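Structural overview for review
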Amino acid sequence: MNINEKYIKRCLELAENGLGNTYPNPLVGAVVVHENKIIGEGWHQQAGKAHAEVNAITQVKNEKLLKDATIYVNLEPCSHFGKTPPCSDLIIAKGIKKVVIGMLDPFEKVAGRGIKKLVDAGCQVQVGVLENECKVLNQRFLTYHLQKRPYIILKWAASQDGFLSPYLFPEKPEKPAPVWITDKQSKQLVHLWRSQEQGILVGANTVLADSPSLTTRLWKGNNPTRIIVDPNLKLKSNAKVFQIEGKCIWIHDQQIQQKTTLHHVVSEAIDFKSNVLHQLMQIAYKHEIQSLIVEGGAFTLHQFIEAQLWDEARVFIGKSVFQKGTPAPTLPKSKLIEEKKINQDQLKIYRND
């Protein structure tokens, strides 16, 4: 690893601290280096607050060193006025002449303009250091801006013998006993994941069967936007998932009139005779949801898998043995990228190839 890679790697470590708090902005870390010594570092902590470059430069105690320093940043410095001034202007104003950047920013208001501004001001700019690693860190941001949809994470838990439930979908007892496949530690991890992503999607059958809240109650963090797919409006507005504060999108068929008096619940109508997933992605993009956990049941999960509309799958294998029931999904064209034990559960993470 050369010196530039070393400091971009540190930028990535810093940037990851902002996961779940920077939407709609990307994850960015910055490091200011003078004579091979870090004199300032920072990351973008929350949308609307100072960007990584500002936090790193502010940390430098002796600003006279900046004219001979190099600033490292994993994503191209912004060049436009948003909620904060352009970071490229600050770098120029502080007299920093060397800038090393992990990757270009695909956001249309930046997209090379920040680099051009720095070069025009006489800065020496290097781009493309640990570029693949930088893309992986900001895969949510990139997917949203380049593919016009959220980064999609499928999540489910299966028994040792490969069932989602001991009941055969869609048949269930009228009042089935609760079936927990994973233990408390795995549940807490799921709530951490929810705090890191912008949206969570389930179907009406999951709401009816499990009465979920879809919150981060086992982890301190932001609740994701809840997306409930309910074509025929089986659900009532007093369902727990609608009563909890925080944005909720209630999706139903366009032929059914639906109005809700709940201020935090948005009604969206689509044509269920057409491409449903395409319409769901349009709604998610419209509501600026960069990442989406799909925690639905068998039917919802199979829809995403059959359409190859997923980026990552997180699968728990519990210690239960059901012998019969609803089979867990399989993942064709996938690659196992991580496997680990979570107490008594096994977690497997796949990437869509």
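Taking an unreviewed UniProt entry as the reference, the protein is identified by name as Riboflavin biosynthesis protein RibD belonging to Psychroflexus salis.

So, about helix 6 (residues 139–147). The complete set of buried residues in helix 6 reads Arg 140, Phe 141, Leu 142, Thr 143, Tyr 144 and His 145. Its buried side turned inward, helix 6 meets strand 4 (98–103), helix 5 (131–137), strand 6 (151–158), helix 10 (276–286), strand 12 (291–294) and strand 13 (312–317). Looking one or two residues past helix 6, Lys 148 carries a phi angle of roughly 60°, positive in sign.

As a further point, take the UniProt feature "binding site: Zn(2+)" (unreviewed entry) in the protein. Residues annotated in UniProt with the feature "binding site: Zn(2+)" (unreviewed entry) correspond here to His 51, Cys 78 and Cys 87. Look at the named residues: they lie 37 residues apart in sequence, but the longest C-alpha span between them is just 9.2 Å, so in the fold they bunch up. Take His 51: it is sitting in the loop between strand 2 (37–43) and helix 2 (52–58). Judged by relative accessible area, His 51 falls into the buried class, the value being 18%. Here Cys 78 shows up in the loop between strand 3 (70–75) and helix 3 (87–93). Owing to a relative accessible area of 10%, Cys 78 belongs among the buried residues under this scheme. Not counting the four nearest positions on each side in its chain, Cys 78 is found in contact with His 51, Glu 53, Pro 85, Pro 86, Cys 87, Ser 88 and Val 110.

What counts as what
- Residues numbered from 1 in each chain as written.
- Predicted model: local features only at pLDDT ≥ 70, side-chain atom pairs only at ≥ 80, totals over all residues.
- Heavy atoms only, no water.
- Buried < 20%, exposed > 50% of the residue type's maximum accessible area, 1.4 Å probe, protein only.
- Helix = DSSP H or I, 4+ residues; strand = E, 2+ residues; numbered from the N terminus.
- Contact = heavy atoms within 4.5 Å.
- UniProt positions renumbered as here; feature names shortened; annotations may be inferred.

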